[in-house]
Amino acid sequence: MERDRDTASRVTLPSEGRTSGRRPGRAQPRISRSLTSPISGYESPEDDLFSPLPTHNGSGSPPAASALWASSLDHNPKSPGAPRPPPAPSARSEPCSLNGMLSETRDMRNLIKVGIRDRIGCYQWTWFTMNMVSHAIQLHIYKHELPLTTNIITTQATGGIANVLYSIPFSPGWLDGIGLAFFMLNLVLFVMNCIFITLRFHWNPGSFLNSFFDQVESLFIPAFMVSIATIFITICQYGLPQAGLWLLQVMEAMFWIYVGLSVFFSAGMYLTLWSTQVFPIHIMTPVWVFPAYPLLLTAPFGANLISGAIKLDQVSSINTIAIALTAITVQGTGFLIGFMICAAFLYRLMTQKLPRDAQRPGVFISVGPSGFTAAGIVHLGFHANEIFPEDFMGAQHAVSILRLFAYMAGLWLWGLSIWFFLVSVGSLWKYLRPDNNAKIPFQMTWFSFVFPNTALATATVQLGSAFGSLGLKIFGCVLACCIILVWMLVFTMMLRCLWTRQLLWPKDDE
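Note that the structure is predicted; figures quoted are calculated from it, not measured.

Parameters and conventions
- Residues numbered from 1 in each chain as written.
- Predicted model: local features only at pLDDT ≥ 70, side-chain atom pairs only at ≥ 80, totals over all residues.
- Heavy atoms only, no water.
- Helix = DSSP H or I, 4+ residues; strand = E, 2+ residues; numbered from the N terminus.
- Buried < 20%, exposed > 50% of the residue type's maximum accessible area, 1.4 Å probe, protein only.
- Areas by Shrake-Rupley, 256 points an atom, 1.4 Å probe, with all protein chains shown as cover.
- Phe/Tyr/Trp six-rings, centres within 6.5 Å; stacked < 30°, edge-to-face > 60°.
- Axes fitted to C-alpha atoms, helices over the stretch in contact; angles between N-to-C directions.
- Parallel < 35°, antiparallel > 145°, perpendicular 65-115°, else oblique.
- Contact = heavy atoms within 4.5 Å.
- Expected span 1.5 Å × (residues − 1).
- Salt bridge = Lys/Arg side-chain N within 4 Å of Asp/Glu carboxyl O.
- Core = buried A, V, L, I, M, F, W, Y, C linked by side-chain atoms within 4.5 Å.
- Disulfide = S-S within 2.5 Å.
- Left-handed = near helix turned anticlockwise from the far one by under 90°.
- Nonpolar A, V, L, I, M, F, W, Y, C, P; charged D, E, K, R; others polar.
- Patch = residues over 30% accessible without salt bridge, like charges linked within 9 Å, V, L, I, M, F, W, Y side chains within 5 Å.
- pLDDT = per-residue confidence, 0-100.

Draft legend 1. Region of the structure containing the overall build of the protein. Regarding its fold elements, the protein presents 18 helices and 0 strands. For the protein, with 510 residues in total, the buried portion stands at 55%. Only carbon and sulfur atoms are counted for the fraction: they give 67% of the accessible area of the protein, which is about 22,000 Å².

Here it is, written out as structure tokens:
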């Protein structure tokens, strides 16, 4: 109880004698603990060890004093014209320093009016998750013997949907146009995200470096790399058949550049987190896997590059063996990192129960490592004849052995992905019960409902084609349709929250 009182006392309320928008003598509202702890959903509700007052660290929200948190109880965010109380001095501010005075000046301006510049100041790396999903949808639209694999959160999410449509084995011709539309939408969203987040870093000096040290936002920085990978994959699908040899050679160079960047970026990101942040086991979620996600796109990228070369009848123009072996090596590294983190997540579930409401969408991220790996390995195995010589490494029937091993490993990993998918769906059961009033607040992490599951849908259809199973193909198509519906719901909710100022608004979750 003493810790609760001490935590709540750090929020300074305007005194009754001040002009604060309240009638003199009116009882001050009780400040709940949720206002004195991070609203990111990465803290156990029973723990007070990590509940500092929100401060401006350049992680996405414009600076504001703690009075904004206290006054927000009486302020309706949907009424921007309503008067707001002046900021009270915060225990965490530095009024004697130049930075403190500048921060207080910005606080007064933001409390009076919130403009487009202030809203762009709330832009974060999590918005690149849109691109991951659109890529997945594109992969399922495109028609081939084996569907191409998906990638991962608005640019990630939109790209993932395209991958899902690409791999549907029963797709009519008009689905190709929809897949191409999602590909173009993915490009537009990616460019928009790059422009807005660059403006945020330009208008808020220091916010770029601070985003790497923020406990929440830093985990989603890899979404930028994954979005680039999804764009490269869709270029291999839609661009190579039209452009020809020159684009194939460019994409081969991009593959090697991406492999190098993804390895160093993933290792550097984890090293930065381990050097600057503390993540206790009782607050962990599968989001910890996210810095390894760029590694999980190498096998899909390599498989699609080789598939594009086969369609152009230019297999001899690229080093297929080196691309395939490198893709498997990096993909395996990413999968093992994700597997170990998911093992820690199971320990957390056994000791701390399911995550809080705001964390539940992130549970679906555990589906991705095994799903993407299964999809990439099966796709490479399907093209084993074109990749490896028949007597590879001096072994007879080497191609048949490699293909059989790829299919068996893909089936094994697909089963693990299905298991995590069932656990993730089961974690949402309480929100579907009619007698339950709990709700999941909308955040950009809602795209986690989409992008990891695109890998599962793609792997399902690929295995159905590999084993000639009509049941698996139908199941994959059903998953694809469900994922598309979920993407439409999440994208609509995102637009609604932008309109109602629940997103990109000072002191919002974003």
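Right, picking up where we left off after that structure.
Draft legend 2. Representation of the packing of aromatic side chains in the model. This structure, assessed with the given rule, holds 24 aromatic pairs. Geometrically, the ring pair formed by Tyr258 and Phe301 is edge-to-face, given 6.1 Å between the ring centres and 70° between the ring planes. Residue Tyr258 is found in helix H10 (residues 245–276), and its partner Phe301 is found in helix H11 (residues 298–311); the two are separated by 43 residues along the sequence. Looking at Phe301, the relative accessible area reads 0%, which means it is buried. Ring geometry for Tyr270 against Trp274: centres 5.3 Å apart, planes inclined by 25°, an arrangement best described as stacked. Highlighted residues: Tyr270 and Trp274, both in helix H10, separated by 4 residues, approximately one helical turn.

Draft legend 3. Expanded view of the packing of H10 against H11. Where H10 contacts H11, the two axes come as close as 11 Å, and the packing angle between them is 170°. When the interaxial angle is binned, H10 and H11 end up roughly antiparallel. Two secondary-structure elements touch here, H10 through Leu248, Met251, Glu252, Met254, Phe255, Tyr258, Val259 and Ser262 and H11 through Thr298, Phe301, Gly302, Leu305 and Ala309.

Draft legend 4. Highlighting H10. The end-to-end C-alpha distance of H10, which contains 32 residues, comes to 46 Å, matching closely the 46 Å that a straight helix rising 1.5 Å per residue would cover. Considering only its buried residues, H10 is in contact with helix H8 (207–213), helix H9 (222–243), H11 and helix H12 (320–352).

Draft legend 5. Quick peek at unusual backbone geometry. A positive phi is found at Asp313, a non-glycine position, where the angle reads about 60°. Topologically, Asp313 is positioned in the loop between H11 and H12. By relative accessible area, Asp313 is classed as exposed at 65%. In this model, Met393 sits at a positive phi of 60°, which is unusual for a non-glycine residue.

Draft legend 6. Looking closely at H11. The end-to-end C-alpha distance of H11, which contains 14 residues, comes to 20 Å, matching closely the 20 Å that a straight helix rising 1.5 Å per residue would cover. Of all 14 residues in H11, 12 are buried; the element is thus mostly enclosed. Listed as buried for H11 are Thr298, Ala299, Pro300, Phe301, Gly302, Ala303, Asn304, Leu305, Ile306, Ser307, Gly308 and Ala309. At the C-terminal side of H11, Asp313 shows a positive phi close to 60°.

Draft legend 7. Quick peek at the environment of Gln277. Within the fold, Gln277 resides in the loop between H10 and H11. Gln277 has contacts with Phe213, Asp214 and Gln215, leaving out every residue within four places of it along the chain.

Draft legend 8. Structural context of the pattern of salt bridges. As enumerated under the stated definition, the model contains 1 salt bridge in all. Its salt-bridge partner being Arg200, residue Glu217 comes within 2.7 Å of it at the nearest N-O pair. Within this pair, whereas Glu217 is found in the loop between H8 and H9, its partner Arg200 is found in helix H7 (residues 174–203), the two being separated by 17 residues in sequence. The class of Arg200 is buried, set by a relative accessible area of 1%.

Draft legend 9. Inspection of the nonpolar core at higher detail. In this structure, Met251, Tyr293, Phe301, Leu305, Leu380 and Phe449 are the most contacted members of the largest nonpolar core, which totals 104 residues. For this core, the leading source of residues is H9, giving 10 residues.

Draft legend 10. The environment of Ser417, seen in detail. Looking at the secondary structure, you find Ser417 in helix H15 (residues 398–426). Between the C-alpha atom of Ser417 and that of Gly368, which follows or precedes it by 49 residues, the distance is 7.3 Å. Contact partners of Ser417, with chain neighbours within four places excluded, come to Val367, Ser370, Gly371 and Leu456.

Draft legend 11. Summary view of the state of the cysteines. By the definition in use, this model includes 0 disulfides. Cys481 forms no disulfide, and the closest cysteine sulfur to it belongs to Cys477, at a distance of 6.8 Å.

Draft legend 12. Inspection of the packing of H12 against helix H13 (residues 368–382) at higher detail. Relative orientation of the contacting elements H12 and H13 amounts to 160°, with a least axis distance of 9 Å. Our classification of the angle between H12 and H13 gives roughly antiparallel. For the pair H12 and H13, the sense of crossing is left-handed. Residue-level contacts link Ala324, Ala327, Ile328, Gln331, Phe335 and Gly338 of H12 to Pro369, Ser370, Phe372, Thr373 and Leu380 of H13. The class makeup of the residues in the contact of H12 with H13 is 7 nonpolar, 4 polar and no charged.

Draft legend 13. Expanded view of a nonpolar patch on the surface. There is a patch of nonpolar side chains on the surface, built from Leu404, Met408, Leu411 and Phe467 and spanning about 360 Å² of accessible area. Mapped onto the elements of the fold, Met408 is located in helix H15.

Draft legend 14. Quick look at the confidence of the model for the protein. A residue-level look at the protein finds 68% of positions with pLDDT of 70 or above and a mean pLDDT of 74. Low pLDDT, under 50, characterises residues 1–83; the stretch is placed with 152 contacts to residues that sit more than four places away or in other chains. In this model, residues 89–95 is a region of pLDDT below 50 whose contacts with residues beyond four sequence positions or in other chains number 12 contacts.

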